[in-house]
Amino acid sequence: MTVLDWIIGILLLISALVMIVTVLLQSSERTGLGAVSGAAETFFGKNKAKGMDAKLALLTKICAGVFIVLSIVMMFLD
C-alpha cells in the first residue's frame, strides 16, 4: 500500500464515523402516541430545534458525498 492509499483510507474511515455520529444525533421524525394525546410539540416549538437538525442533515449529506467520492477514488487506485 502506498502513502496515498493510507491517507484515503483514513479519510474514508473518518468520514464514515462522522456520518454515523451525525445520523445518531438527529432527532426522530416520529411522534408516536404523543400526537393522539396532544403531547406532540407545537409548530413553534418544533422550529427551535430545526436549526440544529438542519445543520446535522447538511453535515450528513456532505459526509455521504465525501464517502462516495473517496470510495470511488480508492477503487480506481487499486
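Remember, it's a predicted structure, so these values are computed and weren't measured experimentally.

### What to know about the overall build of the chain
From N to C terminus, the chain includes four helices and zero strands. What you see in the chain, going N to C, is helices and strands ordered as α-α-α-α. For the chain, the proportion of its 78 residues judged to be buried stands at 18%. Put simply, the chain shows about 6,300 Å² of open surface, and 76% of that area lies on carbon and sulfur atoms.

### Section: the confidence of the model for the chain
Across the chain, pLDDT averages 83, with 76% of residues at or above 70. Mean pLDDT per element in the chain: helix α3 (residues 43–48) is the minimum at 56, and helix α1 (residues 3–25) is the maximum at 94.

### Quick word on a nonpolar patch on the surface
Among the surface-exposed residues, Met-1, Val-3, Trp-6, Ile-7, Ile-10, Leu-11 and Ile-14 lie close enough to one another that they form a single nonpolar patch of about 770 Å² accessible area. With respect to the secondary-structure elements, Trp-6 resides in helix α1.

### Looking at the environment of Phe-67
With respect to the element layout, Phe-67 can be found in helix α4 (residues 50–77). A relative accessible area of 28% places Phe-67 in the partly exposed class. Expressed as a C-alpha distance, the spacing of Phe-67 and Leu-12, which sit 55 residues apart in the sequence, is 5.9 Å.

### Comments concerning the environment of Val-73
Locating Val-73 in the fold gives a position in helix α4. A sequence separation of 68 residues divides Val-73 from Asp-5, and the C-alpha atoms of the two residues are 9.6 Å apart.

### Quick look at the packing of α1 against α4
Two elements in contact, α1 and α4, have axes whose closest approach is 9 Å; the angle formed by their N-to-C orientations is 155°. In terms of orientation, α1 and α4 fall into the roughly antiparallel class. The handedness of the crossing between α1 and α4 is left-handed. Residues of the contact of α1 with α4, tallied by class, amount to 19 nonpolar, five polar and one charged.

### A few points about the side chain of Asp-5
Positionally, Asp-5 belongs in helix α1. At 30 Å, Lys-61 is the nearest oppositely charged side chain to Asp-5, a buried residue that forms no salt bridge. Ignoring any residue separated from it by four or fewer positions in sequence, one finds Asp-5 in contact with Met-74, Leu-77 and Asp-78.

Quick notes on the rules
- Residues numbered from 1 in each chain as written.
- Predicted model: local features only at pLDDT ≥ 70, side-chain atom pairs only at ≥ 80, totals over all residues.
- Heavy atoms only, no water.
- Helix = DSSP H or I, 4+ residues; strand = E, 2+ residues; numbered from the N terminus.
- Buried < 20%, exposed > 50% of the residue type's maximum accessible area, 1.4 Å probe, protein only.
- Areas by Shrake-Rupley, 256 points an atom, 1.4 Å probe, with all protein chains shown as cover.
- pLDDT = per-residue confidence, 0-100.
- Patch = residues over 30% accessible without salt bridge, like charges linked within 9 Å, V, L, I, M, F, W, Y side chains within 5 Å.
- Salt bridge = Lys/Arg side-chain N within 4 Å of Asp/Glu carboxyl O.
- Axes fitted to C-alpha atoms, helices over the stretch in contact; angles between N-to-C directions.
- Parallel < 35°, antiparallel > 145°, perpendicular 65-115°, else oblique.
- Left-handed = near helix turned anticlockwise from the far one by under 90°.
- Nonpolar A, V, L, I, M, F, W, Y, C, P; charged D, E, K, R; others polar.
- Lys, Arg positive; Asp, Glu negative; His and termini not counted.
- Contact = heavy atoms within 4.5 Å.

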